[in-house]
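# Observations on the model geometry
Next come the chains, spelled out residue by residue.
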Amino acid sequence: MFFSMKNHPLKLLTLPTIAFCSSCSKTDSWESIFHAIPDTMSLASWQDNIILLSDSYKVSHYRQYPPGTQYVYSYFESRGCDREGWDSVCFFGLQYFLKRYLTGQVVTREKIEQAAKIYSQHFGDGTNDNPDLFYREGWEYILEKHGGRLPVKIKALPEGTVVPVKTVLITVVNTDPECYWLTNFLETLLVQVWFPMTVCTNSRYQKLSIQKYLEETGCEDWKPPGGAAYKLHDFGFRGVSSVESAATGGLGHLVNFMGSDTVIALLAAEKFYGAKRAVGTSIPASEHSTITSWGVDGELDAMRNMLDQYPTGLVACVSDSFDVFKACREYWGDALKDKIKGRISDTSFGQLVVRPDSGDPEETCVAIMKILLEQFAEEVTETKTGHKLLPPYIRVIQGDGVDYQSIPKILQRFKDEGIAAANITFGSGGALLQKVNRDTFKIAFKCAEVTLESGEAREVFKDPLTDDGKASKKGRLTLQKASDITTYSEEDVYKPRQGVDGVKGGTGFLHFTPDGNYVTVASGKGDPEKDLLVDVYENGMMLKDYKLSEIRRRADVENGPFVNSPEEPEEPEPAPVPAAARPTYVTVPFPSQKIMTAAPPGAVRMIPVMNRPSFVAAPQPAPMPQVNRPASFVAAPMVGTQPQAQSMYVPSQIRPFAMPAQISHPSFVAPGARPSIVNPGQPIQAPVYSSQGLQATVRPGVVMTAPGASQPTIMPQRSASLGVGFGMGNMVRMVPGQS
């Protein structure tokens with residue numbers, strides 16, 4: 001029988017547990033069991049409190065800066081690489097973290113209370129709480145003064161840009177002198193950019209290896225699907241530490257290639273990098289269970305079944321379940337040879353991709369290639385360099401033991417053995433997404449300057465005697481092309497500290513890169529007009545929104561798949577808003593539950609918004625009148641203009657079954673607005689009108705409604721703008737029985 005662990009001798013201090021026990025007469029009804037399960041929405045939102053997304057010790061740092069500190073300026077860089085020959089990084093991933101965690105109102109009363117409780121216990125002695133370390137006043141100031149938006153400014157290198165190591169990549173500074181402590185509080189979260197950036201760079205270096213051997217073995221077809229576009233496939237989802245790692249790391253790989261089995265990365269590309277469709281593709285493929293379940297004597301039938309089930313297009317089949325060499329010679333190269341050859345006709349194209357999955361990668365790949373070249377010799381061709389190329393209906397994918405070191409070894413053997421690199425594709429899992437860490441590129445986030453109340457701008461740096469590789473840069477920084485620095489003396493060029501008695505922090509302010517193409521200018525002596533870093537975020541708003549397509553072009557290599565890819569189509573400019581449409585209404589027809597908006601006065605741009613309720617922007621007179629604001633509301637944090645489903649506030653008087661169907665897609669209202677609950681039932685489609693220059697000030701919220709209304713009803717709109725000219729209009733009109 002079922003029972004709960006409540007009041008049972010085996011009770012554990014964990015989430016409620018349900019189990020079988022034949023010796024216990026204690027039972028619970030299904031209803032009580034259901035209510036014992038924690039609220040899944042609250043579980044999903046536990047990681048969304050920005051006040052808790054930092055290292056513990058940073059909570060105490062607000063007391064540790066010099067008296068009168070008003071501004072803290074810090075920067076993010078790669079201080080080198082632990083892999084030989086890797087002297088550059090491909091910057092990528094910041095936009096995900098900004099949209100996911102920092103955009104819009106990220107500080108709320110509920111989050112402050114949650115943080116206060118946790119930190120009070122966390123800094124206690126296990127028996128007594130310690131509420132004194134948490135800087136409640138600082139977070140309440142952000143909530144009240146800035147509407148819960150973070151008063152910081154972030155500049156960064158355009159994503160996809162490849163630059164040498166030891167150059168500044170990101171700078172961060174607070175914009176409100178009361179929030180000097182906030183800059184480095186954000187270090188913990190922002191430094192996590194190391195992961196997608198490192199995976200992206202790891203993937204790109206492997207792309208360079210593959211490109212090199214494609215060229216050296218006679219490849220002439222560089223346009224996708226030829227060239228390197230699909231030559232490294234992401235197998236890494238199962239091998240990473242989390243779903244978020246799979247999303248951000250998998251997306252880093254897709255900056256360079258077009259093949260991936262990490263589906264969550266495709267969603268991340270759409271949600272955070274403006275992709276209009278899936279940016280990575282895959283094919284049907286077998287695993288050992290689907291082949292070995294036919295039995296030892298049924299392996300040939302299992303392989304024949306793969307060809308029968310997928311008669312056209314590409315299909316991959318694992319071939320090492322028992323004897324990969326026998327499979328290549330007797331099955332693929334003999335018994336099933338005619339089926340394989342028949343996959344290409346005047347009307348269709350098909351290709352078998354043979355997958356070995358064990359043994360020494362270099363030796364195994366060379367051995368099976370020789371077998372396949374022999375078995376299909378009648379249609380083997382040679383490239384312009386004399387390297388042998390299998391007929392187009394058969395190829396090989398190596399998915400075991402693949403990393404940045406094994407790929408060039410395999411391809412060098414191919415080159416030496418007269419085998420074209422175009423014969424093989426690689427699949428990489430943990431080595432692509434997981435065999436990296438923050439020290440791969442020696443990532444650091446360091447304070448470079450503080451500004452005091454007196455106006456003094458004080459250079460800040462570290463220069464440990466025991467490790468000169470950890471010396472940091474000083475003062476305000478710009479990243480410029482070296483060609484921009486035309487006049488300087490030898491003394492201006494940075495030289496590190498020379499021994500125990502040397503100048504701490506070194507001398508000079510021009511940090512030239514070894515290749516002589518770039519220079520990080522320190523000590524505030526750079527030219528802001530020539531700074532390669534651009535403003536990407538300020539006071540809760542995204543200032544740049546990079547598309548994956550442009551990042552791919554920026555990061556690509558010579559003869560790469562994205563060099564000549566087309567630009568993303570621009571959204572057409574909307575037609576002028578007719579004067580008759582300017583009174584603002586939200587129409588809710590019952591029972592179809594579609595919502596439509598009309599343009600408010602002053603609206604100059606229309607932004608399509610799919611599958612969620614919509615508000616509109618309307619200029620408001622100042623000072624704003626104080627309007628009645630209902631206390632019941634549902635809210636979720638924003639990521640850019642995309643609300644997040646993982647976090648929401650539900651007042652106790654709202655029953656769970658009354659939640660709107662599109663709770664995962666709340667609409668947005670002005671900062672501080674507290675509108676009524678919405679229950680339209682089904683996702684909707686509507687345009688959003690916003691005042692020019694205010695598109696990024698949207699906040700989470702909901703649309704007012706009158707559930708069960710049987711007559712047309714007009715209700716006062718009860719949200720209010722807090723003096724920023726971003727409201728949602730005057731009236732909400734309920735229209736029953738129309739579609």
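Attention in this report is confined to the structure presented alongside it. Keep in mind that what you see is a predicted model, and the values were worked out from it rather than measured. (Residues numbered from 1 in each chain as written. Predicted model: local features only at pLDDT ≥ 70, side-chain atom pairs only at ≥ 80, totals over all residues. Heavy atoms only, no water.)

### A few points about the overall build of the protein chain
Rules: Counting from the N terminus, the helices are DSSP H or I runs at least four residues long and the strands are E runs at least two residues long. Residue exposure (1.4 Å probe, protein chains only): buried if accessible area is under 20% of the type maximum, exposed if over 50%, otherwise partly exposed. Throughout, a residue-residue contact means that at least one pair of heavy atoms, one from each residue, lies within 4.5 Å. Methods summary: accessible areas were calculated by the Shrake-Rupley approach with a probe of 1.4 Å, and residue burial reflects only the protein chains presented.
Per the secondary structure count, the protein chain includes 18 helices and 31 strands. Across the 739 residues that make up the protein chain, the buried fraction comes to 51%. Put simply, of all contacts in the protein chain between residues at least 6 apart along the chain, 75% involve residues at least 24 apart. Carbon and sulfur atoms make up 52% of the accessible area of the protein chain, which totals about 34,000 Å².

### As for the side chain of Lys99
Heads up, the condition is: Under this definition, polar contacts are N or O atom pairs within 3.5 Å; protein pairs additionally need one hydrogen-donor-capable and one acceptor-capable atom, and for neighbouring residues in sequence, both atoms have to be side-chain atoms.
Assignment of secondary structure puts Lys99 in helix 3 (residues 94-102). Reaching out from Lys99, the side chain makes a polar contact with the backbone oxygen of Phe272 at a distance of 3.2 Å.

### Digging into the packing of aromatic side chains
So the rule is basically this: Centre distance within 6.5 Å is the pairing criterion for rings of Phe, Tyr and Trp, where only the six-membered ring of Trp is used; planes under 30 degrees apart are then read as stacked, over 60 as edge-to-face, and the remainder as tilted.
Under the counting rule described, the total for this entry stands at 18 aromatic pairs. Measuring from ring centre to ring centre gives 5.1 Å for Tyr96 and Phe97, while their planes differ by 90°; the resulting arrangement is edge-to-face. In this structure Tyr96 comes out as buried when scored by relative accessible area, which is 8%. In this structure an aromatic cluster arises from ring pairing among Tyr62, Tyr135, Trp139, Trp181 and Phe185.

### Thoughts on the sheet that holds strand 14 (residues 424-428)
Inclusion rule: Any two strands with at least two DSSP-identified bridges between them are counted as paired. The axes used here are C-alpha line fits, helices contributing only the stretch in contact, and every angle between their N-to-C directions lies in the interval 0 to 180 degrees.
Here five strands make up an open sheet; going across it, the order is 8-14-13-10-9 and the pairing parallel. The strands lining the two open edges of the sheet, one partner per strand, are strand 8 (232-234) and strand 9 (313-318). In this sheet, neighbouring strand axes are inclined to one another by 30° on average, regardless of whether the strands run parallel or antiparallel. Here strand 9 pairs with strand 10 (residues 350-355) via six bridges, running parallel.

### Considerations on helix 4 (residues 109-122)
The α-helix advances 3.6 residues per turn, and as a result positions three or four apart in sequence lie on the same side. We apply this condition: A helix is expected to span 1.5 Å for every residue after the first. To be clear, the arc concerns the directions from the helix axis to the C-beta atoms.
For helix 4, built from 14 residues, the straight-helix expectation of 20 Å at 1.5 Å per residue is met to within 8% by its first-to-last C-alpha distance of 20 Å. Among the residues making up helix 4, those that are buried are Lys111, Ile112, Ala115, Ala116, Tyr119 and Ser120. Buried residues of helix 4, seen end-on, are gathered within an arc of 155° and therefore sit on one face of the element. The inward-facing, buried residues of helix 4 abut helix 5 (136-146) and helix 6 (182-185).

### Topic: unusual backbone geometry
Pro225 follows Pro224 through a cis peptide bond whose omega is 10°. Counting through the fold element by element, Pro225 comes out in the loop between helix 8 (194-216) and strand 8. Positive phi is not limited to glycine here, since Lys166 has a value of about 70°. Judged by relative accessible area, which is 49%, Lys166 ranks as partly exposed.

### Re the nonpolar core
The tendency in soluble globular proteins is for nonpolar side chains to be buried side by side. Filter applied, for reference: Nonpolar core, defined: a set of buried Ala, Val, Leu, Ile, Met, Phe, Trp, Tyr and Cys residues in which side-chain atoms within 4.5 Å join the residues together.
Leu102, Trp139 and Leu150 are the most contacted members of the largest nonpolar core, which has 147 residues in total. The residues touching Leu150, leaving out its near neighbours within four places in the chain, are Ile50, Leu102, Val106, Val107, Trp139, Ile142, Leu182, Leu186, Tyr537, Asn539 and Gly540.

### Topic: the packing of helix 9 (residues 243-254) against helix 10 (residues 263-273)
Spelled out, the test is: Just so you know how the angles are binned, under 35 degrees is roughly parallel, over 145 roughly antiparallel, 65 to 115 roughly perpendicular, and the rest oblique. Just so you know the grouping, Ala, Val, Leu, Ile, Met, Phe, Trp, Tyr, Cys and Pro go in nonpolar, Asp, Glu, Lys and Arg go in charged, and all remaining residues, Gly too, go in polar.
Two numbers describe how helix 9 lies on helix 10: the axes approach to 8 Å, and their chain directions differ by 80°. Here helix 9 is positioned roughly perpendicular relative to helix 10, judged by the angle of their axes. Contacts between helix 9 and helix 10 pair Val243, Ala246, Ala247, Gly250, Leu251 and Leu254 from the former with Ile264, Ala265, Leu266, Ala268, Ala269 and Tyr273 from the latter. Residues of the contact of helix 9 with helix 10, tallied by class, amount to eleven nonpolar, one polar and no charged.

### Considering the sheet that holds strand 17 (residues 478-481)
Taking strand neighbours across the sheet as the criterion, the three strands line up as 17-19-18 in an open arrangement whose pairing is antiparallel. In this open sheet, the two strands that pair with only one neighbour each are strand 17 and strand 18 (510-512). Between one strand and the next, the sheet's axes are offset by a mean angle of 25°, whatever the strand orientation. One ladder, built from four bridges, connects strand 17 with strand 19 (residues 518-521); its direction is antiparallel. What sits directly across from Lys481, in strand 19, is Tyr518.

### Points about the pattern of salt bridges
Note the threshold: Counted as salt bridges are all cases of a side-chain nitrogen of Lys or Arg within 4 Å of a carboxyl oxygen of Asp or Glu.
Tallied over the full model, the rule gives 29 salt bridges. With a shortest N-O distance of 3.5 Å, Arg329 and Glu374 are connected by a salt bridge. Taken together, the positions of Arg329 in helix 13 (residues 324-335) and Glu374 in helix 15 (residues 361-375) put the pair 45 residues apart, joining distant regions of the chain. For Glu374, a relative accessible area of 49% translates into the label partly exposed. Close ionic contact of Glu417 with Arg413 constitutes a salt bridge, the shortest N to O distance being 3.4 Å. A single salt-bridge network, built from bridges that share partners, covers Arg109, Glu113, Arg136, Glu140 and Glu144.

Take it as geometry only, folks, not as evidence of what the structure does.
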